[in-house]
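Here is how the chains run, residue by residue.
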Amino acid sequence: MPQFVFNTAKGKVNEYAERVIGNDPANSAVTVVLLQASEADAVLEDYDNLALLLAAGGNTEADFTNYGRIDVTNPTVTVDDTNNWSEASIGDQTWASAGGVSDNTLTKILICYNPDTVGGTDSDIIPMTADDFAATTNGQDLTALEDPNGFFRAT
């Protein structure tokens, strides 16, 4: 489960995931971003888009060897009528041969809604959830294990 939901995405996380599932708009995705430096959660949660977050001093996106944002185009949203919740999931994410030449010590993993992976900008990307992600790259595969309950649960 997320450490926190960004204010701009509260009440919308499952909706954003369902938009990606429905390809509405075309080229939309759930985008996974790693940070190697981050501000306090109480400050981070106020950013309305990825451009603003990354422009702030204190937030630095990962830049280790072989790093790239991961665009997930097949998230799932599962409605559980027995327990009265719904969960959004993207599964585990792996960066192959992460680091080695240039390494990072990571602090956060951000799950974002990206309405246009082809022509959009960071100003269009809406951060949805954030989790602590303490890892140091060393040239080995780096896998972010998703919580068994997905990256988000609405109750």
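Residues numbered from 1 in each chain as written. Predicted model: local features only at pLDDT ≥ 70, side-chain atom pairs only at ≥ 80, totals over all residues. Heavy atoms only, no water.

Caption draft 1: Up close: the overall build of the protein. Summing up its helical and strand segments, the protein has three helices and 11 strands in all. Along the protein, from the amino end to the carboxyl end, the secondary structure elements read β-α-β-α-α-β-β-β-β-β-β-β-β-β. For 155 residues, the compact-globule estimate of 2.2 N^0.38 gives 15 Å, and the C-alpha radius of gyration of the protein, at 15 Å, lies within 12% of that figure. Counting only C-alpha atoms, the protein reaches 45 × 30 × 30 Å along its principal axes. Looking at the protein as a whole, 42% of its 155 residues qualify as buried. Of all intrachain contacts in the protein linking residues separated by at least 6 positions in sequence, the fraction that spans at least 24 positions is 78%. Total accessible area computed for the protein in this model is approximately 7,200 Å², and 46% of it derives from carbon and sulfur atoms. Across the protein, 6 positive and 24 negative side-chain charges occur, with their mean positions spaced 6 Å apart. (Helix = DSSP H or I, 4+ residues; strand = E, 2+ residues; numbered from the N terminus. Rg over C-alpha atoms; globule rule 2.2 N^0.38 Å. Buried < 20%, exposed > 50% of the residue type's maximum accessible area, 1.4 Å probe, protein only. Contact = heavy atoms within 4.5 Å. Areas by Shrake-Rupley, 256 points an atom, 1.4 Å probe, with all protein chains shown as cover. Lys, Arg positive; Asp, Glu negative; His and termini not counted. Charge placed at Lys NZ, Arg CZ, Asp CG, Glu CD.)

Caption draft 2: Summary view of the packing of aromatic side chains. Inspection of the entire model under this criterion finds four aromatic pairs. With centroids separated by 4.5 Å and ring planes inclined at 10°, the aromatic side chains of tyrosine 16 and tyrosine 113 adopt a geometry described as stacked. Of this pair, tyrosine 16 sits in helix H1 (residues 13-21) while tyrosine 113 sits in strand E8 (residues 105-114); the two residues are 97 residues apart in sequence, bridging distant segments of the chain. A cation sits over an aromatic face here: arginine 153 above tryptophan 85, 3.5 Å from the ring centre. (Phe/Tyr/Trp six-rings, centres within 6.5 Å; stacked < 30°, edge-to-face > 60°. Lys NZ or Arg CZ within 6 Å of the ring centre and 35° of its normal.)

Caption draft 3: Structural context of the pattern of salt bridges. Taken as a whole and judged by the stated rule, the model has six salt bridges. For arginine 19, the salt bridge is made with aspartate 24, and the minimal N-O distance between the two is 3.9 Å. Residue class for aspartate 24 comes out partly exposed when judged on its relative accessible area of 42%. Arginine 69 serves as the salt-bridge partner of aspartate 122, at 2.6 Å between the closest nitrogen and oxygen. Placement of aspartate 122 in the loop between E8 and strand E9 (126-136) and of arginine 69 in the loop between strand E3 (60-61) and strand E4 (70-72) is noted, with a sequence separation of 53 residues between them. Residue classification places arginine 69 among the partly exposed residues on the basis of a relative accessible area of 28%. (Salt bridge = Lys/Arg side-chain N within 4 Å of Asp/Glu carboxyl O.)

Caption draft 4: Just the sheet that holds strand E5 (residues 76-80), in detail. Pairing is antiparallel across the open sheet formed by three strands, whose spatial order is E5-E6-E11. In this open sheet, the two strands that pair with only one neighbour each are E5 and strand E11 (152-154). Geometrically, the sheet is characterised by an average inter-axis angle of 20° between neighbouring strands, direction not taken into account. Sheet topology note: the strand E6 (residues 85-89)/E11 ladder contains three bridges and is antiparallel. Along E11, the bridge assignment pairs glutamate 87 with arginine 153. (Pairing = 2+ DSSP bridges. Axes fitted to C-alpha atoms, helices over the stretch in contact; angles between N-to-C directions.)

Caption draft 5: Structural detail: the environment of aspartate 80. Position of aspartate 80 relative to the elements: it lies in strand E5. As a C-alpha pair, aspartate 80 and threonine 129 span 49 residues in sequence and 21 Å in three-dimensional space. Reaching out from aspartate 80, the side chain makes a polar contact with the side chain of asparagine 83 at a distance of 2.8 Å. (Polar contact = N/O pair within 3.5 Å; in protein donor to acceptor, adjacent residues only side chain to side chain.)

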